[in-house]
Amino acid sequence: QVQLVESGGGLVQPGGSLRLSCAASGSIFSINVMGWYRQAPGKQRELVAGITSSGSTNYADSVKGRFTISRDNAKNTVYLQMNSLKPEDTAVYYCRLDDNSFHGWGQGTQVTVSS
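Report on the accompanying structure. Every value quoted in this text rests on a predicted model; they were computed, and no experiment measured them.

**Focus on the nonpolar core**
Right, so step 1: Ranked by internal contacts, the top residues of the largest apolar core, which has 28 residues, are Leu4, Trp36, Leu80, Met82 and Tyr93.
Right, so step 2: At the level of elements, β3 (18-25), β4 (33-39), β5 (46-52), β7 (67-72), β8 (77-82), β9 (91-98) and β11 (109-113) are the ones that each hand at least two residues to this core.
Right, so step 3: Leaving out residues up to four positions away in the same chain, Met82 has contacts with Gly16, Ser17, Leu18, Leu20, Arg66, Phe67, Tyr93 and Val111.

**Some thoughts on the state of the cysteines**
One covalent bond between the sulfur atoms of two cysteine residues makes up a disulfide.
Right, so step 1: Taken as a whole and assessed by the stated rule, the structure comprises one disulfide.
Right, so step 2: A sulfur-sulfur separation of 2.1 Å characterises the disulfide bridge that pairs Cys22 with Cys95. Between Cys22 and Cys95, the disulfide has an S-S torsion of -80° and is therefore left-handed. Residue Cys22 is located in strand β3, and its partner Cys95 is located in strand β9; the two are separated by 73 residues in the primary sequence. Comparing Cys22 with Cys95 shows no difference in burial state: the two are buried.

Criteria and cut-off values
- Every chain's residues receive numbers from 1 upward, in the order its sequence appears when written.
- Side-chain atom pairs in this predicted model are given and counted only at pLDDT of 80 or more, local residue features only at pLDDT of at least 70, and totals for whole chains, interfaces and linings cover all residues.
- With hydrogens and water stripped out, all remaining heavy atoms of the structure feed into the side-chain values.
- We call a set of buried Ala, Val, Leu, Ile, Met, Phe, Trp, Tyr and Cys residues a nonpolar core when their side-chain atoms join them within 4.5 Å.
- Think of it in three bands: with a 1.4 Å probe and only protein chains considered, a residue is buried below 20% of the maximum accessible area for its type, exposed above 50%, and partly exposed in between.
- The helix and strand labels rest on DSSP assignments: H or I over at least four residues marks a helix, E over at least two residues marks a strand, and numbering proceeds from the N terminus.
- Residue contacts follow a heavy-atom distance rule, with two residues in contact if any of their heavy atoms lie within 4.5 Å.
- Throughout, a disulfide means two cysteine sulfur atoms within 2.5 Å of one another.

Printed below as a string of C-alpha cells:
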C-alpha cells in the first residue's frame, strides 16, 4: 500500500513563499512520476508541476518562473518551492504519484495567499 503525506501548507501574504513536501511510503517503483496539482473552490483540479524520477520537469504556465519542483529519490519525497505567491494561487494542493502499479493522491494541503 502506497501512502502520500503532504506538509507545508498555510497562510502567507502576497509576495511570500512556501515550501510543500510530499513523502511517499510503501512499495514504489523506482521509475515514476510525481507531481503537484491544485484545486481552488469551484474549479477543476489542475496540474501545477510534475517531475520524473530522472529529473525532467514541467510546469503550468501560470507558475513558471515562480514555482520550482524538485525531488529526493532516496527519500521518495517531492518538493514544491513556491515564491512570489499571488492570491490566485490559493487552493488545496495535492501530491500525486504514478508508477507501474500505483496511481494516487495525497490528502491535500491548504495554501491560502491573503493579506
